[in-house]
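Fold and geometry: a report
These are the residues of each chain, in order.
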Amino acid sequence: MKIELHHINLSSDKVDEMNDFYLNVMKLKTETQGLPILEKKKGYSGDVAFVSDGKIQTHLAEKDLDVCAVWQTIHPPNNYNFGVETGQYYTNHRQGGWDELNKISDKYKIIAEKLHPQMTQDVMRRSKVGISPYGQCEVCYRDLEIIQWGSLLIKPDMSKVITEPDFYKPMETYVPVKPDWSDLNETIEKVLANYKDYQYIIDNARQKVVEMYSYENVCMYWYNFFSNMSGVENA
């Protein structure tokens, strides 16, 4: 079976400008055949455009959601964190984020619920801002997913957390809020009112992710890790 790439998805808050770029700069053509059915009745209301080089389609879609906060909130009691029951702490923390967002849900388009994995990715792609709470440790895979989809990451302060690489840089790779979410809504309102001013964080974060997980950096990390262990000889 021969596998072929049919299309790629790109999201932006300026679909018209993006379409103009691909038509007039990249010299692609407007695509009219084999397009997906727009499911506006199921919640999508953004602008779209379709272009192609004759083989691969490029689907351009508007980021029609303001904020996504998609995660599991209820964590049943457990003792898998070194015998310490932590489920209730994470439940309170994550539910607290949703409770705060509910206070501004009449002003912005917000998705705050647990979704099927495939729908979760779609919502992240369509959102201008992605919120990621603490996970079963402070770091969560959702952090990177939000960044990869080109959304602005808002996350509880990570300044006390040591990571390798040292990725979490406030106002460089993410926008920090207080762990109790007390300044979450104020931060969201400021961000959405001046969204262009935060684009550099989105761009910088994505670049850092690409650099962190390049083949060379990953290989060198593990090479240095093992070569510095006692009893290990370099080849």
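Notes on the structure follow. (Residues numbered from 1 in each chain as written. Predicted model: local features only at pLDDT ≥ 70, side-chain atom pairs only at ≥ 80, totals over all residues. Heavy atoms only, no water.)

With that settled, consider the packing of helix α2 (residues 87-102) against helix α5 (residues 184-193). Describing two packed helices takes the angle between their axes plus the distance from one axis to the other. The contact between α2 and α5 brings their axes to 9 Å, and the two run at 55°. If you check the angle between α2 and α5, you find them oblique. Note on packing geometry: the crossing formed by α2 with α5 is right-handed. Facing Gly97, Glu100 and Leu101 of α2, the residues of α5 in contact are Leu184, Asn185 and Ile188. Partitioned by chemical class, the residues of the contact of α2 with α5 number 3 nonpolar, 2 polar and 1 charged. (Axes fitted to C-alpha atoms, helices over the stretch in contact; angles between N-to-C directions. Helix = DSSP H or I, 4+ residues; strand = E, 2+ residues; numbered from the N terminus. Parallel < 35°, antiparallel > 145°, perpendicular 65-115°, else oblique. Left-handed = near helix turned anticlockwise from the far one by under 90°. Contact = heavy atoms within 4.5 Å. Nonpolar A, V, L, I, M, F, W, Y, C, P; charged D, E, K, R; others polar.)

The next subject is the sheet that holds strand β2 (residues 29-30). Strand pairing in a sheet takes place through backbone hydrogen bonds and is either antiparallel or parallel in direction. Across the sheet, which stays open at both edges, the 4 strands sit in the order β1-β4-β3-β2 with mixed pairing between neighbours. Looking at the sheet topology across the chains shown, the edges are occupied by β1 (7-12) and β2. Inspection of the sheet shows β1 paired to strand β4 (residues 57-62) by 6 bridges, in the parallel sense. If you follow Ser11 over to β4, its bridge partner there is Ala61. (Pairing = 2+ DSSP bridges.)

Glancing now at the sheet that holds strand β8 (residues 152-156). Read across the open sheet, the 5 strands follow the order β6-β5-β7-β8-β9; overall the sheet is parallel. Of all the strands in the sheet, the pair left with one neighbour each is β6 (110-111) and β9 (175-177). As paired elements, strand β5 (residues 65-68) and β6 share 2 bridges and run parallel to each other. Each bridged residue has a counterpart across the sheet, and for Cys68 the counterpart in β6 is Ile111. Taken strand by strand, helix α4 (residues 141-148) contacts β7 (127-131) and β8, and its axis lies near 160° from that of β8.

All right, on to the pattern of salt bridges then. Taken as a whole, this structure holds 9 salt bridges when the rule is applied. The salt bridge partner of Glu4 is Lys2, with a shortest N-O separation of 3.8 Å. A salt bridge links Lys155 to Asp143; its shortest N-O distance comes to 3.2 Å. Taken together, the positions of Lys155 in strand β8 and Asp143 in helix α4 put the pair 12 residues apart, joining distant regions of the chain. One connected set of salt bridges, linked through shared partners, spans Asp64, Asp122, Arg125 and Arg126. (Salt bridge = Lys/Arg side-chain N within 4 Å of Asp/Glu carboxyl O.)

Here the focus is a nonpolar patch on the surface. Residues Tyr213, Val218, Tyr221, Trp222, Phe225, Phe226 and Met229 make up a contiguous nonpolar surface patch of about 690 Å² in total accessible area. For Trp222, the location among the structural elements is in helix α7 (residues 215-227). For Trp222, a relative accessible area of 43% puts it in the partly exposed group. (Patch = residues over 30% accessible without salt bridge, like charges linked within 9 Å, V, L, I, M, F, W, Y side chains within 5 Å. Areas by Shrake-Rupley, 256 points an atom, 1.4 Å probe, with all protein chains shown as cover. Buried < 20%, exposed > 50% of the residue type's maximum accessible area, 1.4 Å probe, protein only.)

We now examine the pairing of β7. Across the 5 residues of β7, 4 count as buried, placing the element largely inside the fold. In this sheet, β7 lies alongside β5 in parallel orientation, the contact comprising 3 bridges. Across the sheet, residue Leu65 finds its bridge partner in β7, namely Ser127. The parallel pair β7 and β8, bridged by α4, forms a crossover whose chirality is right-handed. (Right-handed = clockwise from strand over helix to strand, strands pointing away.)

A few words on a negative patch on the surface. A surface patch of like charges, here negative, comprises Asp13, Asp16, Glu17, Asp20 and Asp47. By the element assignment, Asp13 lies in the loop between β1 and α1 (15-24). (Lys, Arg positive; Asp, Glu negative; His and termini not counted. Charge placed at Lys NZ, Arg CZ, Asp CG, Glu CD.)

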